[in-house]
Amino acid sequence: MTNREEIERRRTFAIISHPDAGKTTLTEKLLLYGGAINQAGSVKGKQSAKHAVSDWMDIEKQRGISVTSSVLQFNYAGKCVNILDTPGHQDFSEDTYRTLMAADSAVMVIDAAKGVEAQTIKLFKVCTLRHIPIFTFINKMDREARDPFELMENIEEILGIKTYPMNWPIGCGKEFKGVFDRNTRKVLAFSSDGRANGVKKVDETEAELGDPALDELLTPYLHQQLVDEIELLDGAAEEFDLDKVLRGELSPVFFGSALTNFGVEPFLENFLRLTPTPLARVDSLTGETVDPCRDEFSAFIFKIQANMDKNHRDRIAFVRICSGQFQRDAEYYHVQSGKKMRLSQPQQLMAQERAIINEAYAGDIIGVFDPGIFSIGDTICDKSMKVEFEGIPTFAPEIFAGVERIDTMKRKQFEKGIMQIAQEGAIQIFHEPYTGVEEIIVGVVGILQLEVLEYRLKNEYGVDVRRRSMPYEVVRWIDNEGINPNDLNLTSDTKWVQDFRGKNLLIFTSEWNIRWALEKNPGLLLSEFSRG
C-alpha cells in the first residue's frame, strides 16, 4: 500500500460520556467485533472476573471507573481504527480534554434513562471548539428508558446540535424488541440470552413495515406504534447532510445496548462509513494546514504516562501522528528543545499491553519512551520540516491542597513522584516563591485526583504524604511581562505562587477577590488557562 492509501484507511476517534453511561463497555464491544479481544470484560460484570481491557491501573480495577485515557487499535472491514477511551469520571476531565485534541471525531454515549448529563455537556463543548463530527450512541435501551423523541429534543436543546436518528428503537426495557434501520428500512430484532454480558453477535430479521410477520415479532401494538413514529420522523426530522455531520453541526444518532451487544455492529459499520479520514492540523508558525498525506512525518504529544509497567519505571509519551509515515530508528527533530533525536521503543498501545512497531501513519497514536524531555503539547517532526502545532491548554484547577512527605529522608522520591505525575497532567503543582519544596501546593479539578495522587505516591514511589486542604478555589495566570507580584495590591487571603515553568499565578478564595485585584491594579492581565 502507498502512504496515502494507508493514511486514508485510518479512523481515529474518542469516546466521551458522563460516568456510568456505558462508555467503557461500548469500547470493549467494538474491540470484540474488531477481533482485538476474545471476551469482553464489562467494567462492572458479575458474570466475569475479567476487568475491562482499557482500565489498566490498579485503582481503576478496584473501583470500576476509568481514570486515565487508553488507546486501543484494531482493524475492521479494511479500516484501521484507533479508539481513544477517555475517563468518564468528572475529576479526570482534563485528561479527556487533551485526548480530544488527538481525535478526528467523537462518539458521545448517552444513558437512555438519563439523557444528557453534566459531564457530557463539558466534554461536548470541547468537541465543538474543534468542530469535529460527533456521533451519538444512546445506550441501555434494554432497560427502562425515556421516550426517544424526548431524548432527541434533550440533545438538541441542551447541546445545541441538530440530530438525525439513523435507527429507531422499538419499545424499551423488558419490551425492547429491536431497532428499525432508517436507511435499509429493515428491522433488527433484539433477542437476549438472559445473561447480562452478551458476547455473541445478533441476528437480523428482514421485514418491511406493515408486513404481518412483524405483528408476530413485535406485537401488533408496537408494530403500529413503529409505523406511526417512522411516518412522523420521515416527515419532520432533519434531512441527512454529510457536510453538516463533518462540520459538527448534525449528529447521527444510534440506539442500542452495549452490554448485550445489541446495535453495536451496525453502529460501527455506519460510523466508519461516515467518519472522516485523518484531519489536517494547523501549523501555528504559518497558520497553514499540514496535509496528512504529505511524505514528511510530524506529530504532537498529547499525554504522558509514567509507570504503565510496574517492572520498569518508565515514562511513555502518547504521540498523535499528523502527517506522513513514522519509521522506527529514523532521526527526528524535537521542536521545543531544538534537538535531533531517535524515538526509542515506539509502541502500539492496547491499554497496558504493548507491541514494538516499525512504522505508523498519520492518524495513528503511538507510545514512545520519554527520557524526561517531553511536555504535553510538544511537536516532533522530520528534520526537513519547520512546523509547530498549537500547544494544548492547561485548565484552571478548582481544589487546592498542601502536600508534604511524612518521611523527611524521602525527598528525592517525593520530588520525582510529584514531578512525574504533574508532567502527566493529572495534577498541577505550584510553590511559593523563595521557599523550598518541603510543601508543594497541588491543584486539581476534582477531589478524587488527590486520592489517586496519594495512592500512586505510596504504591509507585514508596512515599507516604500528609495532605492539608486549602481555602483557595480559583487560580489565574498573570499575563503581564515583567511585573513583580509583590507590588500588587491584593486581599490578604490571595496568594502569589509559581508553576514549575516559573510562570507567576495568583490563587484566590473567591471570584470577588479576582474583581478586587483587577480593580485595584489597572492594567493587570489575568487568564484562566496557560497555553503550553
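Placed above this text is the structure.
(A) Layout of unusual backbone geometry. A positive phi is found at Arg185, a non-glycine position, where the angle reads about 60°. For Arg185, the location among the structural elements is in the loop between strand 8 (178–181) and strand 9 (186–189). Exposure remark for Arg185: the relative accessible area of 29% places this residue in the partly exposed category. With a phi close to 85°, Thr219 is a non-glycine residue in the positive phi region. Within the secondary structure, Thr219 is located in the loop between helix 7 (212–218) and helix 8 (220–236). Residue Thr219 is classed as partly exposed on the basis of its relative accessible area of 31%.

(B) Focus on the packing of helix 2 (residues 23–33) against helix 10 (residues 264–274). The geometry of helix 2 relative to helix 10 is characterised by a closest axis approach of 10 Å and an angle of 80° between their N-to-C directions. Between helix 2 and helix 10, the interaxial angle falls into the category roughly perpendicular. In contact with Leu26, Lys29, Leu30 and Tyr33 of helix 2, helix 10 contributes Val264, Glu265, Phe267 and Leu268. By residue class, the composition of the contact of helix 2 with helix 10 is 6 nonpolar, no polar and 2 charged.

(C) Main features of the sheet that holds strand 9. Read across the open sheet, the 3 strands follow the order 7-8-9; overall the sheet is antiparallel. Each edge of the open sheet is held by one strand with a lone partner, namely strand 7 (167–170) and strand 9. Ignoring which end each strand starts from, the neighbouring axes of this sheet average 25° apart. Inspection of the sheet shows strand 8 paired to strand 9 by 4 bridges, in the antiparallel sense. By the bridge assignment, Asp181 is partnered in strand 9 with Lys186. On the sheet, helix 8 packs against strand 7, strand 8 and strand 9 and is oriented at approximately 155° with respect to strand 7.

(D) The pairing of strand 29 (residues 495–499), seen in detail. Of all 5 residues that make up strand 29, 5 are buried, and the element is covered over most of its length. Where strand 29 meets strand 30 (residues 504–508), 4 bridges bridge the pair, whose relative direction is antiparallel. Across the sheet, residue Lys495 finds its bridge partner in strand 30, namely Ile507. Where strand 29 hands over to strand 30, the hairpin turn is made up of 4 residues, of which Gly502 adopts a positive phi near 85°.

(E) Quick look at the environment of Trp516. Following the sequence through the fold, Trp516 ends up in helix 13 (residues 511–520). For Trp516, a relative accessible area of 26% corresponds to the partly exposed category. With 25 residues separating them in the primary sequence, Trp516 and Thr491 have C-alpha atoms 7.6 Å apart. Contact partners of Trp516, with chain neighbours within four places excluded, come to Asn489, Leu490 and Thr491.

(F) Looking closely at the packing of aromatic side chains. On inspection of all chains with the given rule, the structure shows 16 aromatic pairs. Pairing Tyr164 with Phe240 gives two aromatic rings, centres 5.2 Å apart and planes at 65°, and the pair type is edge-to-face. You can see Tyr164 sitting in strand 6 (residues 162–165) and its partner Phe240 sitting in the loop between helix 8 and helix 9 (242–246), a full 76 residues away along the chain. Taking relative accessible area as the criterion, Tyr164 reaches 14% and is therefore assigned buried. Measuring from centroid to centroid gives 5.6 Å for Trp168 and Phe255, while their planes differ by 75°, and the two rings are edge-to-face. Placement of the pair is Trp168 in strand 7 and Phe255 in strand 10 (residues 250–255), with a sequence separation of 87 residues.

(G) The environment of Tyr97, seen in detail. Here Tyr97 is to be found in helix 4 (residues 93–102). Residues Tyr97 and Ile392, 295 residues apart in the sequence, show an inter-C-alpha distance of 8.9 Å.

(H) Expanded view of helix 13. Taken residue by residue, helix 13 has Asn513, Ile514 and Ala517 as its buried positions. Considered in projection along helix 13, the buried side chains sweep an arc of 105° and stay on one side of the axis. The inward-facing, buried residues of helix 13 abut strand 28 (474–478), strand 30 and strand 31 (526–527).

(I) Molecular detail of the pairing of strand 1 (residues 10–17). Counted residue by residue, strand 1 has 8 buried out of 8 residues, so it is predominantly covered. Covered by surrounding structure in strand 1 are Arg10, Thr12, Ala14 and Ile16 together with Arg11, Phe13, Ile15 and Ser17, the residues of both alternating faces. Pairing of strand 1 with strand 3 (residues 79–85) involves 6 bridges; the strand directions are parallel. In the strand pairing of strand 3, Arg11 is matched with Val81. Of the pairings in the sheet, the one linking strand 1 to strand 4 (residues 105–111) comprises 5 bridges and is parallel in character. Residue pairing in the sheet places Ala14 in a bridge with Ala106 of strand 4.

Rules behind the numbers
Residues take numbers from 1 onward in each chain, read along the sequence in its written order. Where totals are concerned, whole chains, interfaces and linings use all residues; where local detail is concerned, this predicted model gives features only for residues with pLDDT of at least 70, and gives and counts side-chain atom pairs only at 80 or more. Values shown for side chains rest on all heavy atoms present in the structure; no hydrogens or waters enter the calculation. Only runs of H or I of at least four residues qualify as helices and only runs of E of at least two qualify as strands under DSSP, and these elements are numbered from the N terminus. Exposed residues in this analysis have more than 50% of their type's maximum accessible area, buried residues have under 20%, and partly exposed residues fall in between, with area computed by a 1.4 Å probe over protein chains only. Note on method: axes are straight lines fitted to C-alpha atoms, helices fitted across the in-contact stretch only, with angles between N-to-C directions ranging 0 to 180 degrees. Should an angle lie under 35 degrees it is considered roughly parallel, over 145 roughly antiparallel, and from 65 to 115 roughly perpendicular; all remaining angles are considered oblique. A contact between two residues is defined here by any heavy atoms of the two lying within 4.5 Å. The residue classification treats Ala, Val, Leu, Ile, Met, Phe, Trp, Tyr, Cys and Pro as nonpolar and Asp, Glu, Lys and Arg as charged. All others, Gly included, are polar. DSSP-based pairing: two strands are paired if at least 2 bridges between them are found. Pairs were defined over the aromatic rings of Phe, Tyr and Trp, the Trp ring being its six-membered one, requiring ring centres within 6.5 Å. Orientation was assigned from the angle between planes: stacked under 30 degrees, edge-to-face over 60, tilted for the rest. It is the directions from the helix axis to the C-beta atoms whose arc is reported.

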